[in-house]
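Descriptive analysis of the structure
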Amino acid sequence: MAPSSAFQWFLLVCPTVVILAYFFTVFPHSPDSLYVHPSLATLPKSSPTWAIYPDNFYEGGAYAKFPYGTVRYWLIGPEDGKRVVLIHGLSVPAIIWRDVAPKLAAKGYRVLLYDLYGRGYSDAPQTTYDASLYTTQLALLLQYVGWNKANVVGVSMGGGIAAAFGAQFPHLVNDKVVLIASAGLMESSDMSRTTKFLSSPLMQLVSSSYPFRLYLQYLANQKSSDNPISELVRLQSAYLPGYNPALASSIREGPLRSLAPQFAALGRHSRKTNGSVLLIWGTADRVVPYRYAARVQALIPHAELVTIQDGPHDITISHPDEVSRAIIDFLDR
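Residues numbered from 1 in each chain as written. Predicted model: local features only at pLDDT ≥ 70, side-chain atom pairs only at ≥ 80, totals over all residues. Heavy atoms only, no water.

This next bit is on the overall build of the protein chain. Along its length, the protein chain carries 14 helices and 10 strands. Taking the principal axes of the C-alpha coordinates as reference, the protein chain spans close to 95 × 55 × 40 Å. Counting all 333 residues of the protein chain, 50% fall into the buried class. Carbon together with sulfur atoms contributes 58% to the accessible area of the protein chain, which is approximately 16200 Å² in total. Between the centroid of the 27 positive side chains of the protein chain and the centroid of its 23 negative side chains there is a distance of 4 Å. (Helix = DSSP H or I, 4+ residues; strand = E, 2+ residues; numbered from the N terminus. Buried < 20%, exposed > 50% of the residue type's maximum accessible area, 1.4 Å probe, protein only. Areas by Shrake-Rupley, 256 points an atom, 1.4 Å probe, with all protein chains shown as cover. Lys, Arg positive; Asp, Glu negative; His and termini not counted. Charge placed at Lys NZ, Arg CZ, Asp CG, Glu CD.)

Here it is as structure tokens:
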């Protein structure tokens, strides 16, 4: 090749090499900061949510600031009592334990309740609501309140969180775990088409828009429900911009499904450390059907099962005495 031709090729290639080198070596942009949606705490005192579920619904309430947002928690019962943490489910915050937590405290247990991210008085970070988010939230909360271990009780999705927590942080769990109508192993066929559609990214884009939220608020103001739990769910959906995305992400990526390895790991660790696991299930559960109790027992063979005849999914509300008695009898051993 003639020298002049070689020089021309150099002139053509050199800028390309320099540009590519620049893009490969340039310092990356600063990471985007986490956006956090507000909680019920930001609603005016005139909001009906304060009458249904005020932030002092339980005594001993306080807020803890974590990297993914502020978390509301409560500590009830004698300070020297055996420690137990209660984890609520997908859509209803810690009010779901209203008829169970006081009974545990009255029996001498030190009870920790809290709202999961995106529900109640805890902030809603704009992120993926997977099992790791929820287990890390609980691990940070236990550290914050100074607990090195606790017995863990979870209902519905809270059961899936409890199982994942026991698998991921076994050193933070005492020897007893209670799973009530536990999610974590659900199949897609058990979820309605409406649930799948409403949790889709497209519908979440629509439902998170300002006009749609105004429409939800209009509907919420028309007529209130006689059921305070249902009304609280409706009000959160209408007035908390992070609530619906949190539920949708939990349905798509969260601790409702695909946790068989975590349940099995909880079972292995529990047996190895002479721990025990209790299952509480209602035969009329239409959300996480009763047949899932057998599936959990297949993964945790030594798990005990308390069956509540005609018990629905919200069994801590419908059958609080039976649920409380089963938990206390189990923890007292």
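For Ala181, which is not a glycine, the phi torsion comes out positive at approximately 45 degrees. The buried category is assigned to Ala181, whose relative accessible area is 1%. One non-glycine residue, Asn274, lies in the positive phi region at around 60 degrees. Along the chain, the position of Asn274 falls in the loop between α11 (260-272) and β9 (276-282).

Before going further, it helps to examine the pattern of salt bridges. Overall, the coordinates contain 7 salt bridges when judged by the stated rule. Put simply, Glu304 and Arg333 hold a salt bridge, and the shortest N to O gap is 2.6 Å. Placement of Glu304 in strand β10 (residues 304-308) and of Arg333 in the segment after α14 (320-331) is noted, with a sequence separation of 29 residues between them. Using a relative accessible area of 29% as the deciding quantity, one classes Glu304 as partly exposed. (Salt bridge = Lys/Arg side-chain N within 4 Å of Asp/Glu carboxyl O.)

Counted as a void, the largest pocket has a volume near 850 Å³. With 4 residues, helix α10 (residues 243-253) is the single largest residue contributor to the lining of the largest pocket. The residue makeup of the lining of the largest pocket, split by class, is 17 nonpolar, 13 polar and 2 charged. Considering only enclosed or pocket space, the second largest pocket measures out at about 190 Å³ in volume. Lining the second largest pocket are 16 residues, and of these His37, Gln126, Thr127, Pro245 and Ala246 sit closest to its centre. For the lining of the second largest pocket, the elements supplying multiple residues, two or more each, are β6 (124-125) and α10. No other element matches the 5 residues that α10 contributes to the lining of the second largest pocket. (1 Å grid on protein atoms, 1.4 Å probe; cavity = no way out; pocket = protein on both sides within 12 Å on 5 of 7 lines; lining within 4 Å. Points joined across faces, edges and corners; volume = space filled by probe spheres on them. Nonpolar A, V, L, I, M, F, W, Y, C, P; charged D, E, K, R; others polar.)

The next subject is the pairing of strand β2 (residues 61-66). Alignment of β2 against strand β3 (residues 69-76), held across 6 bridges, turns out to be antiparallel. Each residue of the ladder has a partner; that of Ala62, found in β3, is Tyr73. Counting the residues that bridge the hairpin from β2 to β3 gives 2 residues. (Pairing = 2+ DSSP bridges.)

Before going further, it helps to spend a moment on the pairing of strand β5 (residues 110-114). Where burial is concerned, most of β5 is hidden: 5 out of the 5 residues are buried. Covered by surrounding structure in β5 are Arg110, Leu112 and Tyr114 together with Val111 and Leu113, the residues of both alternating faces. Bridge analysis of β3 against β5 gives 4 bridges, and the strand direction is antiparallel. When the bridges of β5 are listed, Tyr73 appears paired with Tyr114. Following the chain from strand β4 (residues 83-87) across helix α3 (residues 101-106) to the adjacent parallel β5, one finds a crossover that is right-handed. (Right-handed = clockwise from strand over helix to strand, strands pointing away.)

In spatial order, the strands read β2-β3-β5-β4-β7-β8-β9-β10; together these 8 strands make up an open sheet with mixed pairing. Edge positions in the open sheet fall to β2 and β10, since each of these has one partner strand only. Adjacent strand axes in the sheet meet at a mean angle of 20 degrees, parallel and antiparallel pairs treated alike. On the sheet, helix α5 (residues 157-168) packs against β4, β7 (150-155) and β8 (173-180) and is oriented at approximately 145 degrees with respect to β7. Contacts from helix α12 (residues 292-299) reach β8, β9 and β10 within the one sheet, and its direction differs from that of β9 by about 170 degrees. (Axes fitted to C-alpha atoms, helices over the stretch in contact; angles between N-to-C directions. Contact = heavy atoms within 4.5 Å.)

Moving on to the nonpolar core. By size, the foremost hydrophobic cluster in this structure holds 55 residues, and its most contacted members are Leu112, Tyr114 and Phe165. The element that contributes the greatest number of residues to this core is helix α4 (residues 131-145), accounting for 8 residues. (Core = buried A, V, L, I, M, F, W, Y, C linked by side-chain atoms within 4.5 Å.)

You can see Ser182 is positioned in the loop between β8 and α6 (193-198). A polar side-chain atom of Ser182 sits 3.5 Å from the main-chain amide nitrogen of Gly160. (Polar contact = N/O pair within 3.5 Å; in protein donor to acceptor, adjacent residues only side chain to side chain.)

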